[in-house]
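What follows is each chain in one-letter form.
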Amino acid sequence: SVLAAHRHRGERVPTQSNTVAARAVSVDAAGIRLAAYDVVDVGVASLPISIDSARNIVGSVKIQNLLDSRFSEIGFNGVDVPNLGRVVWGKVRLDF
């Protein structure tokens, strides 16, 4: 099977503590809002492969943030939290 997903996150208003830490008068001040971003995730999984009459093996790979988009999420106490960047997951499952 194949999975593809797109996520869009619009511009965000910071928390009150981040606005105060930036010494901003309001959340509409220049440079205060966090920018919008888009993320694309993809994954693929194999069909079950029979090892013997009682066991099957399935493999899968998932890539989160395929385009390696850089963004921050709203944090607290004046600190925004950066994303992890591109993440690759691999999995092998044995069914018995």
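The structure presented is a predicted model; accordingly, all values stated were derived computationally and were not measured.

> Explain the environment of Gly59 to me, please; I cannot follow it from the model alone.
The topology assignment puts Gly59 in strand 4 (residues 55–64). Setting aside residues up to four positions removed in sequence, Gly59 forms contacts with Val44, Ala45, Ser46, Lys91 and Val92.

> Mind showing me how you'd approach a nonpolar patch on the surface here?
On the surface, Val2, Val44, Val61 and Val88 cluster together into a nonpolar patch covering about 380 Å² of accessible area. Take Val2: it is sitting in strand 1 (residues 2–9). Of the residues examined, Val2 reaches a relative accessible area of 73% and is grouped as exposed.

> Teacher, can you tell me more about the packing of aromatic side chains here?
Aromatic rings in a pair are described by how distant their centres are and how their planes are angled relative to each other. Within this structure, the stated rule accounts for 1 aromatic pair. Between the aromatic rings of Tyr37 and Phe71, the centroid separation amounts to 3.6 Å while the plane-to-plane angle is 5°, which identifies the pairing as stacked. One end of the pair, Tyr37, is in strand 2 (residues 37–45); the other, Phe71, is in the loop between strand 4 and strand 5 (72–76), and 34 residues separate them in sequence. An identical accessibility class is assigned to Tyr37 and Phe71; each is buried.

> Mind showing me how you'd approach the side chain of Asn65 here?
Within the element layout of this structure, Asn65 appears in the loop between strand 4 and strand 5. Polar side-chain contacts of Asn65 include one of 2.8 Å to the backbone nitrogen of Ser69. At 3.4 Å, the side chain of Asn65 and the backbone oxygen of Gly85 are in polar contact.

> Explanation requested: the pairing of strand 1 in the structure shown.
Put simply, side chains in a regular strand alternate between the two faces of the sheet. Among the 8 residues of strand 1, 0 are classified as buried, and the element is accordingly described as predominantly exposed. Sheet topology places strand 1 next to strand 2; 8 bridges connect them, and they run antiparallel. Paired with Ala4 across the two strands is Val42, which belongs to strand 2.

> Can you walk me through the pattern of salt bridges in this structure?
Side chains that differ in sign of charge can pair as their charged atoms come close. Summed over all chains, the structure comprises 6 salt bridges. Note that Asp52 is salt-bridged to Arg55, the shortest N-O span being 3.0 Å. Linking Asp95 and Arg93 is a salt bridge whose minimum nitrogen-to-oxygen distance equals 3.0 Å. Look at Asp95 and you get partly exposed, because its relative accessible area is 29%.

> Explanation requested: the environment of Gly78 in the structure shown.
Along the chain, the position of Gly78 falls in the loop between strand 5 and strand 6 (79–82). Overall, Gly78 belongs to the partly exposed group, its relative accessible area being 40%. Sequence separation between Gly78 and Gln16 is 62 residues; the distance between their C-alpha atoms is 9.0 Å.

Analysis parameters
Residues numbered from 1 in each chain as written. Predicted model: local features only at pLDDT ≥ 70, side-chain atom pairs only at ≥ 80, totals over all residues. Heavy atoms only, no water. Helix = DSSP H or I, 4+ residues; strand = E, 2+ residues; numbered from the N terminus. Contact = heavy atoms within 4.5 Å. Patch = residues over 30% accessible without salt bridge, like charges linked within 9 Å, V, L, I, M, F, W, Y side chains within 5 Å. Areas by Shrake-Rupley, 256 points an atom, 1.4 Å probe, with all protein chains shown as cover. Salt bridge = Lys/Arg side-chain N within 4 Å of Asp/Glu carboxyl O. Buried < 20%, exposed > 50% of the residue type's maximum accessible area, 1.4 Å probe, protein only. Phe/Tyr/Trp six-rings, centres within 6.5 Å; stacked < 30°, edge-to-face > 60°. Polar contact = N/O pair within 3.5 Å; in protein donor to acceptor, adjacent residues only side chain to side chain. Pairing = 2+ DSSP bridges.

These values are about where atoms sit, not about what they do.
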